[in-house]
Every structure is written in structure tokens, then in C-alpha cells.
Amino acid sequence: MNILLYNPDNGVTRNFMPHLWMFLLQSLTPPEHKVFLIDGNAQPLTPNELALFVKENDIRLAGIGFMTRMAVRAYNMADVIRAAGAKVVMGGPHVTEVPGEPLGRDGNPRHADAIALGEADETWPQIVEDTAKDQLKEVYTPTNAEGKEIKPSLVEYPNIPWEQLDLEQFNLIGHLPRWARYWVDRARLGMKSFHLIPIESGRGCPYGCDFCTVTGFFGDSIRFRTNESVVNEMLRLKARSSRDGGHIAIFFVDDNFAINMKRTKSLLKAIIAADAILPWVAQISINLLRDQELLDLIAASGGRWIFQGLESIDAANLEDVNKGFNKPGEYAAVLSQLAERGVYAITSFIFGMDGDTPGVAGRTLEAIASWPPGLPVFGLLTPYPATPLYDRLSKEGRLFAPEHWLDTRPFRMAFTPRNISVEEAEAEMKAAWSRSYDPQAIATALQRIAHRPFKERAVMLFARLAFRGIYFPQMRRRDWVRLLVANRKNLLRLLAEARVEYRRQQNPAPRPSILISGPIVSSEVEKASGLSKKKTTSS
């Protein structure tokens, strides 16, 4: 049987990091079946093209996983797949939160033949078997004989054959516009291909922030893979990187990579000991980054970027959403200690909290300006279904868009905050994005790390240009041309630095001669030191 695993695009901008669930379910599929993978972000298809793909490849089952913000796109493409003759099973956080919606209950149109609730590690093989026998059920839940939910252990983790998979659709360099590839090449970054590969080392988070869906989906029971399993996966990826002559970086998709400090240190030490070091990104709460040994291990094991949900610079706001463990007074010190080790932060902020007032963007940006440069991202407080935030706002009668995920317009409020209007909150967020990623802000960020290695500045520039696209889509050629023109000074400055760096690598400065009595005989040293035609002796 031919199976398609389809990840819908996010509808705003493209995300070329593959989603782990596709590869995980592929590895759990019995080998007699053939699995196709399509990520709509990296391999966009029109509805007609997707329908043609389903028919030409005789797809009988399509699995679609998605988060809430992708719901409309997921439903539209599911309808196309079903019309083309394949069965559709949907899963992921949103489906688990509102299971009746994709099944067409409560008067909604039906988009799926079946749904998989919760983690599908245990249920996916059964779904495949039932489809092959034409016995597909409507709802699959990971429960035992007593009806209790099963949380899969990660000790016996599936082997994802990264060294054999075709990852071309996820090559970030290949998806860049031609002009951007030119600049990457001229910057001497040595990147013919670049893949950001997702790996999980654990699941679950005990914090239970009011706006977060993680606890509801994965639970507060923390589970970990063995160090050996993670290290072996990284070694295989490192071998592939060497074989292909490209670059591979890792995104640890754990909800909170350092939630168990002892275990995280043990894993990082194992990565270092096995020389499984690859550049990596992870999500870590800032309160866990006070430990100096952990910071040293992060840097030594290849850590380059840490995503941190700072959310607000107002402690009262954080308390209000059950995230009081974040201490705004600590932000500057922790971020500085990371930057000193060449590790930078992707800092996430939420506007539209009840404690926000007009001017919150300016106050936030003023604080950010005092920290080492990073990649700030801004969003609006969004009440996702089945979260404590959603339930509280619904009970208070403050939700004016209770099914906001069915509105395809991004970056919109769904409730009215207490101290700032909806229009003001949305304007504050737009202002924060605009000011953080304008050419002058990018130039300032690069100047502030002028003392750091050239590659760090090059990565900072290209990362800033890419992250700008989260809010200001850069999907058309003219969008990229405008971006190039606006940032021409930054790009030309980086190119000049790249030439200097290249010459330095090609012609390393000679070691200084040992001073002896009499004239220095090395003319090269005289020229390099500016001492030619001068009589130089030791004292």
C-alpha cells in the first residue's frame, strides 16, 4: 500500500526545517508499505498538483499532522486528498484539542476519515493495518485494556535512517533565491547545502504555562531517550554531512531541553566524548541557564542558538500566565553569559497580555537593546483550544473569536485585553517587528559583535534576514529584491570582511622571528610589521 505523510504549510512564510513526526511515523510503518513525504513549506503544491500526485502514485492512505495555526490549510488539502480517492487520518495537537472538528461533528464539514489522538507512536501501525484491510475506525486513542492513556517510552526509540533519506526538499541553500546563494558563496561560508534536522531527546514539560498546549498533548510526564541513542543518531548525521560535503545542524525539538539538568549535562558530555558534535539549536527556559557548567557544555557540544520564551519584561504579566519562574531581572546576565561563549538567543515575546499598555513595544525594545544581539520574535497572546487560557477567557466571556484558527489572517487577536485595545496590541507587535529587523537594526547588531569571529557575524546577518520573513513574508522574488536593496550596505560590508577573512586563511601571518643580535633577515616579516628599510636590532 502506498502512503503519503503530508505536512501543510503555515500559510505565512516557508519553514524549511522538516517536521519530526513525518520521519518518525515513516520509521514506524511496516516495511511492506511505501511511504512518500511531502512538506508543504519546502515542497509547495497547489491543490490540483496534490490531487494529481495522489492519483499518479496510487495513494491509499494519507496522514496529516498539524498545529492549530495550520488548521485551515490542513482541512483544505485533506478535502483534496479525499476527493482524489485516498483515506485521510489526521493527528497532532489541534486534532487532540478539538477532535470533533475534523470529523465533521457539531455541524462542521468533515475533513478526515479518521483521527489519531495524542502521541501516535503506538497507534500508527494499527492505523496502517486497518486501512490495508479496509477496516479503518474513526478514532484511535493510545490506551491500554483498562482504557488508561499510554505515554510511549522513548527508551526503545525507532531508528530514523537519515543517511538514506532524500532530504533535498529541505536544503535551505537550494531554496534561497539565486542572489542569496551568490552572497552565501561570496561570504566564504562553505555551504553548498544546509539542512536543519529535527531530533528529540525527550518529551514533556511540567511547567504548565496557561497559553501552552504542550502539557495537554505530551503531558507532564518527562521521558528521555538514552544518551547512546541520541549520540548514535548524531554520529550518523555527521557522517552524512561529511559524505555529502554539506552542512547539517540539529534542532532538538524537546519542549524544554534542559528540564532535567543532570540528564542534559550527561547527554552533552556524551556528545563531546563521542565527537558527535554538530551545530545545534534547542528550546531551554531561561531559568535553567543560570548554571555555568551547563553553559560551558552547551558551547563545547555545538550549541549555537537557544530559543527562549521570555514572553514579557513585566513580572506581573508572567505571573498572570503561570510563568513566574521567568525573572526579567535575570535576562541580561544570562544572555550575556551565553553570548560570551558564542551562543545566541532566539527570544520570544508576547504582546496583548492583560498587563500590557500602549508603548509596550518600545519598552520591550529598549530592554532588548541592552542585551547581546539575537533574534527577537514577537507574537500575540493566543488562546489555543483546551488550554487554561482559552478556558478562562471563554468563562469570562472575553473571546470574540472562539474559533479564531478558522480565520486565515495571521497575527490577529482573538480576545480583548484589559489595558490595551485589540488594534493597539496588533500595532505594537508590528512596530516591534519593523524596528527590530530594519537595516539599521541589523547593522547595529553586527557592530555589537564586531569583536566576535567572522562566521558568527555572517550567520547573524543571514539569520536576521531570514527571521524577518516570519512577519514580513519573503516568498516572491520581488520581496527578496527589496530586501537585498534595503540591506545592500550590510551585505557589502560583510562581503568586504569575507575577502579579508579569506586572505587571512589563505595567507596566515608568519610566526614572529625570535629576536637575535643583528638585523632581522626576513623581508616578509619586515613588510608585515611595517619595519622595512628600518634598522632593527634586539636590545
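Residues numbered from 1 in each chain as written. Predicted model: local features only at pLDDT ≥ 70, side-chain atom pairs only at ≥ 80, totals over all residues. Heavy atoms only, no water.

Engineer: Would you mind showing me how to read the environment of Leu-495 here?
Structural biologist: Looking at where Leu-495 falls in the secondary structure, it is placed in helix α20 (residues 488-506). Given a relative accessible area of 8%, Leu-495 falls into the buried group. For the pair formed by Leu-495 and Ala-458, sequence separation is 37 residues and the distance between their alpha carbons is 9.3 Å. (Helix = DSSP H or I, 4+ residues; strand = E, 2+ residues; numbered from the N terminus. Buried < 20%, exposed > 50% of the residue type's maximum accessible area, 1.4 Å probe, protein only.)

Engineer: Explanation requested: the environment of Ile-286 in the structure shown.
Structural biologist: Take Ile-286: it is sitting in the loop between β11 (280-283) and α11 (292-300). On the basis of relative accessible area, Ile-286 is assigned to the buried category, the value being 2%. In sequence terms Ile-286 and Pro-328 are 42 residues apart; their C-alpha atoms lie 9.6 Å from each other. Non-local contacts of Ile-286, meaning those with residues more than four positions away in its chain, are made with Gln-308, Leu-310, Asn-326, Tyr-331 and Val-334. (Contact = heavy atoms within 4.5 Å.)

Engineer: In this structure, what is going on with the sheet that holds strand β7 (residues 194-199)? I would like to understand it.
Structural biologist: Sheet strands line up and pair through hydrogen bonds in the backbone, either parallel or antiparallel. Strand order across the open sheet formed by 6 strands is β7-β10-β11-β12-β13-β14, with parallel pairing between neighbours. Of all strands in the sheet, those bounded by a partner on one side alone are β7 and β14 (375-380). When the angles between neighbouring strand axes are averaged without regard to direction, this sheet yields 20 degrees. As judged from the 6 bridges shared by strand β12 (residues 303-311) and strand β13 (residues 344-351), these two strands associate in the parallel manner. Across the sheet, Ile-306 pairs through a bridge with Ala-345, a residue of β13. (Pairing = 2+ DSSP bridges. Axes fitted to C-alpha atoms, helices over the stretch in contact; angles between N-to-C directions.)

Engineer: Sorry, what's going on with helix α10 (residues 261-273) here?
Structural biologist: Think of an α-helix as 3.6 residues a turn; residues three or four steps apart then line up on the same face. Look at α10: 18 Å from first C-alpha to last across 13 residues, which is about the 18 Å you get at 1.5 Å a residue. Within α10, burial applies to Arg-263, Thr-264, Lys-265, Leu-267, Leu-268 and Ile-271. Those residues of α10 that are buried lie in contact with β9 (223-224), α9 (227-244), β10 (247-252), β11 and α11. Phi turns positive one or two residues past the end of α10, at Asp-275, with a value near 50 degrees. (Expected span 1.5 Å × (residues − 1).)

Engineer: Whenever I open this one, the pairing of β11 confuses me. Can you help?
Structural biologist: One face of the sheet, then the other: side chains in a regular strand alternate in exactly this way. The pairing of β10 with β11 spans 3 bridges and is classified as parallel. Looking at the pairing, Ile-250 lines up with Trp-280 of β11. Viewed along the sheet, the connection from β10 through α10 into β11 turns out right-handed. In terms of strand pairing, β11 meets β12 through 4 bridges, oriented parallel. Of the residues in β12, the one forming a bridge with Gln-283 is Phe-307. Taking the sense of rotation as the criterion, the β-α-β connection linking β11, α11 and β12 turns out right-handed. (Right-handed = clockwise from strand over helix to strand, strands pointing away.)

Engineer: Just checking my understanding: could you explain the packing of aromatic side chains for this structure?
Structural biologist: Any two aromatic rings considered together are summarised by their centre-to-centre distance and by the angle between their planes. Enumeration over the complete set of coordinates arrives at 20 aromatic pairs. Ring geometry for Phe-349 versus Trp-371: centroids 6.2 Å apart, planes at 20 degrees, classification stacked. Separated by 22 residues along the polypeptide, Phe-349 in strand β13 and Trp-371 in the loop between α14 (360-369) and β14 bring together distant segments of the chain. Here the two residues Phe-349 and Trp-371 agree in accessibility, since each one is buried. Across from the ring centre of Tyr-157, 3.9 Å away, lies the NZ or CZ of Arg-225, which sits over that ring. Positioned over the ring face of Tyr-437 is Arg-464, at 5.4 Å from the centre of the ring. (Phe/Tyr/Trp six-rings, centres within 6.5 Å; stacked < 30°, edge-to-face > 60°. Lys NZ or Arg CZ within 6 Å of the ring centre and 35° of its normal.)

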